[in-house]
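# Reading the structure
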Number of protein chains: 4
Amino acid sequence: MKELNLGILGAGRIGKVHAENVLKLSDVRLVTMADPYFSDEMAAWAAAQGIRVSKEPEDIFSDPDIDAVLICSSSNTHAEFIVRAARAGKDIFCEKPIDYDIDRIRETLKVVEECGVKLQVGFMRRFDHNHKKAHEAVRDGLIGEPHILHITSRDPIPPTLDYVKHCGGFYYDITIHDFDLARYLVGSEITEVYAMGAARFDEEVAKLGEIDTSLVTLKFENGCYGTIDNSRQAHYGYVQRNEVFGSKGSIEVFDDRPTSIQISTEEGVSIDKPLWFFMQRYADAFRAEIEAFVDCIRNDTEPAVTGIDGLIPALCAKACVLSLKEGRPVKLSEVQ
Amino acid sequence: MKELNLGILGAGRIGKVHAENVLKLSDVRLVTMADPYFSDEMAAWAAAQGIRVSKEPEDIFSDPDIDAVLICSSSNTHAEFIVRAARAGKDIFCEKPIDYDIDRIRETLKVVEECGVKLQVGFMRRFDHNHKKAHEAVRDGLIGEPHILHITSRDPIPPTLDYVKHCGGFYYDITIHDFDLARYLVGSEITEVYAMGAARFDEEVAKLGEIDTSLVTLKFENGCYGTIDNSRQAHYGYVQRNEVFGSKGSIEVFDDRPTSIQISTEEGVSIDKPLWFFMQRYADAFRAEIEAFVDCIRNDTEPAVTGIDGLIPALCAKACVLSLKEGRPVKLSEVQ
Amino acid sequence: MKELNLGILGAGRIGKVHAENVLKLSDVRLVTMADPYFSDEMAAWAAAQGIRVSKEPEDIFSDPDIDAVLICSSSNTHAEFIVRAARAGKDIFCEKPIDYDIDRIRETLKVVEECGVKLQVGFMRRFDHNHKKAHEAVRDGLIGEPHILHITSRDPIPPTLDYVKHCGGFYYDITIHDFDLARYLVGSEITEVYAMGAARFDEEVAKLGEIDTSLVTLKFENGCYGTIDNSRQAHYGYVQRNEVFGSKGSIEVFDDRPTSIQISTEEGVSIDKPLWFFMQRYADAFRAEIEAFVDCIRNDTEPAVTGIDGLIPALCAKACVLSLKEGRPVKLSEVQ
Amino acid sequence: MKELNLGILGAGRIGKVHAENVLKLSDVRLVTMADPYFSDEMAAWAAAQGIRVSKEPEDIFSDPDIDAVLICSSSNTHAEFIVRAARAGKDIFCEKPIDYDIDRIRETLKVVEECGVKLQVGFMRRFDHNHKKAHEAVRDGLIGEPHILHITSRDPIPPTLDYVKHCGGFYYDITIHDFDLARYLVGSEITEVYAMGAARFDEEVAKLGEIDTSLVTLKFENGCYGTIDNSRQAHYGYVQRNEVFGSKGSIEVFDDRPTSIQISTEEGVSIDKPLWFFMQRYADAFRAEIEAFVDCIRNDTEPAVTGIDGLIPALCAKACVLSLKEGRPVKLSEVQ
């Protein structure tokens, strides 16, 4: 098999996760990692793996040997890097979000289309063993027509205030994954959102005008109703549950836990907390999404998560911001 | 202990449930059951228990030996019977709803207050082992401040079309129990509802302008957000789940099932469906609420579910009807 | 329907349980309770229910109005009372064990047969929702031929030392229920036992030459192997689990718990302990076995738990005592 | 860090599993795989990974660059290869069993000791997330003194008859892993076994004088009793459950399943079957045991599973064979 040569833009936490997974793939070579702010530690690690280390993204775009890129840099560079990669004829995997600006996302997708390169967006939950099986069960009609969706998605501990300031806002940072999951599970488009949200446990977050807790309701084209609840602080773990209830029954996804152990003593009966963080919870999914990206290049098939799949959750986030501000349901058609 | 003499108005399904439970109580005598439409079968059963059978409600109101009444007749008679019982100086247990009309409920409660009799409303879920423990856990601060509530409440099979026509509407018939449960679990008042609903599986229901599936969101005074999802047709059982998530953790109530059995074969691994109907699911709760009613008379304490507890869920139902009609969140203050 | 008149011999804890259940039955009258050691409290309670209170068992045997008796007295009186009741022509429900002496059991059963009365032995687990469903699943072939049986049966707290002294020994007191359950679940006769046992947590029990912890293995006629583990002290509740594994799959019975609730906090995730004591765990089964007894008299059918069902577990217990003493497997044929 | 050079003896299924895990390790090089019966496919795969392929084990033993070996060849070669590797001064990881002959195992371990090399035996369950946590909980006293152990370990589908013929017998092939797990969980030595076993579902197995179903009971030095049940055919998956019950409580390990999903329809409520095969169930454990082997060489520590840990389960297997033959409990001291 012809070897596929990859470059990674962004040498942060997620960049390293993808790099490690790429290194395990057969017939794939990780040629270069580029990041203007490369840490010494990361640079040493990359060099030890035989990866070329660069502070200059252009070293990737202009390298004729590189077939495809993974964009893992900060969110505000995504759109620009997609455009540069597309114009350089490279297939693209890009972390979410494509951008915070809907118009800019549209322009970016237009360039991708014109250049005829592939673009896969990093909604890794579609590759998760639980969510994937739930999606397939719904798609195959096991529960009939979907009537009610519930998604519960909570972080164990809140991020730093600095992170909150630069994450693009709650709905673009957190809920955007759930919007994608909602579409993936229900198999229909979201038409309306109603967002309730507040800073419930962190006054500093409130001072920023930001929120840490949210409940969003959804209406779908196929008549299904949905809820997404998020919190930045669940204390007991990274909560990832959902249910799709339909005309024939229900499929529920429960939390994954580190062990299948139950301890019973005079004090009580305990089971494990949910897996602690998204890196652990979605470790297999991160690997699978990169495999899928490589496969779609090799087999020249449609990416599993397209540019449109990157656009619509951002539209939902935009509608939520408006809904929260005005205290009313907002149709997606209002924000397009 | 002085014997307490009870009369039951309404000899239908729920009337019999209450009668059977009353018969098991010590120092309580079920003197009379009255129903203009007494079936022969029910009359024979009642007579065999030594209960006086009457077609005339007045036989109960005018009987000086009867200390208290259970109103189990059709909903449109509740308010009138409460007033008559109160004026006759009898303590009152009344099935939900007190009435469909908010003004009439208020007037009824006023009479009850003037007459100085007790009134307990039949929201039996407050006496359920699961919901009660969840309520206590929240009240005792185990999960801190409540942030998110989810209530899922679904019937196994839809009622007859005739029932749908006369039940007072989906929100007064079904969701009213969940409004009560929501207040009970969260320990704070509901301030806003947003209702989404449709006839999803029954065209005949649609023709009546009625719904069979609903998703309602709630805002509470204490800042908590909530969802209630209902369906008249879950196929696999009577679904009664909820979660209260707060600043310190989460309490989840899962479905009760007939057995704790798991069967594993080549075909798959199966557990029991949820208990099939509300009569089974809440059998213990029905007993406990009557015991509580008797106890509150004997000990001259406040009923566990007061007239106000009967009023507010009806207000929520009214707000939902408006919300569904206008497609917008409705504040409870709008409908008072 | 003709009223059935019952007498209860023995006014202790279990006698009261049965009395309460009898009082709930239609067309059944509890005429007399007799116990030489009637407590004042119990006597007052019985009198308040309209039950005749006697210190003289003969008042029951010689009462021509009494159709059937429930023998709830101390174990050493069971055989004698069965014989007296049988000779008086009364149908008999008797708590386990019939006796500790195999020969005496056989003689007792002979008298019962000669007198043509019914005898049901108090193995209430056969009427439990879980065990019954497991039994039916095995009987109906859902798991094919049974290959392996596991029964786990543990008390939450040990009884008094006085109780231990007079209970007839661990295998006649505790494991006897599991021998019955084993036969009921597997549907085949036990042919060999191997008993391991020791006083593991109570030195006073050890001084009595008694045990508090046991593991017994079983061989069945149909080739199935089994284990029964017992402890008098599980701390976290009354543990009642079992599994039958066969040629087509497995059926597992898990512990029943007071609620279906799960609480997740920083400290961990907890569910309820198993139901605390056999009175709660088997409350429904106690009621059902008395109903079955009444029904078998009324319909003149075979009792659900026969005299032979009372004999064989006692044989198993005898074989276990020998096995434990000699440290070797013992065939039931050795002790018959 | 100094690179560690490994060789693998045996290029079958398990050899490949280990090879793949070795390839993922940092600073470890897989130099050579040797197998007289190297398949073309495996040879091609190994070559593509840059591994030297040989049909001659001596190519590994005599290679001064190779620091340590993994013995994954057929069981009857284990002892010989251990001796040759030890004499060549190489650290050794060896799949179970060391040998079927107790004397030969002892001689082998003597050589290892004389040569001062490390030997780790391939009981991978000690590295499993579930069993490891259970072991730690027992070790740390969470359940007090262990009183009862249950191990349930069943294969989904039986192996070929040819495999059965050459696997060394049921107790050396299957139960040997459970003997190791028993010692690991209880933290005490086994002193007696009693084995019951038969060919329950396969007549061809019976004709070979072999068994496919077994129940073994154990006594431990610390007074704990135990059971191990095995079947070669569970249909519904690879069953790996256990419980340690002690003076303070119980720890239960339940089956791992592919997803945390529950589907509820009119037909019933289903969850996933257990993970299907040991390769999937213990994938992480296989990786962890190789990491532990590499670490113990690097840090010059005692292997996590020593030669004695390889010897004792074989002694247990020998005692079971005798117990099954003679139908009586056998003390381990009898077979040493």
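Residues numbered from 1 in each chain as written. Chains lettered and ligands numbered in written order. Predicted model: local features only at pLDDT ≥ 70, side-chain atom pairs only at ≥ 80, totals over all residues.

All names here are of chain A. Across the sheet, 6 strands lie side by side as 3-2-1-4-5-6; this open sheet has parallel pairing. At either end of the open sheet lies a strand with only one pairing partner, and these are strand 3 (52–54) and strand 6 (119–121). Across the sheet, the mean angle separating the axes of adjacent strands is 20° when strand polarity is ignored. Sheet analysis places strand 4 (residues 68–71) next to strand 5 (residues 91–94), joined by 4 bridges and oriented parallel. Across the sheet, residue Leu70 finds its bridge partner in strand 5, namely Phe93. (Pairing = 2+ DSSP bridges. Helix = DSSP H or I, 4+ residues; strand = E, 2+ residues; numbered from the N terminus. Axes fitted to C-alpha atoms, helices over the stretch in contact; angles between N-to-C directions.)

Before going further, it helps to spend a moment on the domain arrangement of chain A. All names here are of chain A. Structurally, chain A comprises domain 1 (4–117) and domain 2 (126–284 + 313–335). On a C-alpha basis, the centres of domain 1 and domain 2 stand 28 Å from each other. If you look at the interface, domain 1 gives 8 residues, while domain 2 gives 7 residues. Its residues assigned to classes, the side of domain 1 that touches domain 2 comprises 6 nonpolar, 1 polar and 1 charged. (Domains from an automatic or database assignment. Contact = placed C-beta atoms within 7 Å. Nonpolar A, V, L, I, M, F, W, Y, C, P; charged D, E, K, R; others polar.)

Right, let's talk about the interface of chain C and chain D for a bit. At the interface, 26 residues of chain C touch 26 residues of chain D. Listing elements by their share of the side of chain C that touches chain D, those giving two or more residues are strand 7 (146–154), strand 8 (190–198), strand 9 (213–220) and strand 10 (225–231) of chain C. Among the residues forming the side of chain C that touches chain D, the class breakdown is 10 nonpolar, 11 polar and 5 charged.

All names here are of chain B. In terms of burial, strand 2 (residues 28–34) is largely enclosed, as 5 of its 7 residues are buried. Taken together, the 6 bridges between strand 1 (residues 4–9) and strand 2 define a ladder with parallel strand orientation. Residue pairing for strand 2: Asn5 is matched across the bridge by Arg29. Crossover handedness for the path strand 1 to helix 1 (residues 13–23) to strand 2: right-handed. Relative to strand 3 (residues 52–54), strand 2 runs parallel, the two sharing 3 bridges. (Buried ≥ 20, exposed ≤ 12 C-beta atoms within 10 Å, placed from the backbone. Right-handed = clockwise from strand over helix to strand, strands pointing away.)

So, about the sheet that holds strand 1 of chain B. All names here are of chain B. A sheet is described by the order of its strands in space; here 6 strands give the open sequence 3-2-1-4-5-6, paired in parallel fashion. The sheet terminates laterally at strand 3 and strand 6 (119–121), the two strands that pair on one side only. Along the sheet, successive strands turn relative to each other by an average axial angle of 20°, direction set aside. Helix 4 (residues 78–87) contacts strand 1, strand 4 (68–71), strand 5 (91–94) and strand 6 of the sheet and is inclined by roughly 165° relative to strand 5.

For the pair chain D and chain A, the relating rotation is 180°, the translation along its axis is 0.0 Å, and the fit reaches an RMSD of 0.0 Å. Expressed as an axis order, the relation between the two copies is that of a two-fold axis. When C-alpha distances to the rotation axis are compared across chain D, the minimum falls at Lys24 of chain D, with a value of 3.6 Å. When the interface residues of chain D are mapped onto chain A, 100% of them are again interface residues, pointing to one common binding face. (Least-squares fit on C-alpha atoms with pLDDT ≥ 70 in both.)

Here the focus is the pairing of strand 12 (residues 249–253) of chain A. Burial within strand 12 of chain A is extensive, with 5 of its 5 residues counted as buried. Of the two faces of strand 12 of chain A, both are covered, the one formed by Gly249, Ile251 and Val253 of chain A as well as the one formed by Ser250 and Glu252 of chain A. In terms of strand pairing, strand 11 (residues 239–246) of chain A meets strand 12 of chain A through 4 bridges, oriented antiparallel. Note that in strand 12 of chain A the partner of Glu243 of chain A across the bridge is Glu252 of chain A. Turn length for the strand 11 of chain A-strand 12 of chain A hairpin, with the two strands adjacent in sequence and antiparallel, is 2 residues. Judged from the 5 bridges that link them, strand 12 of chain A and strand 13 (residues 261–265) of chain D form a sheet pairing that is antiparallel. The partner of Ser250 of chain A across the bridge, within strand 13 of chain D, is Ser264 of chain D.

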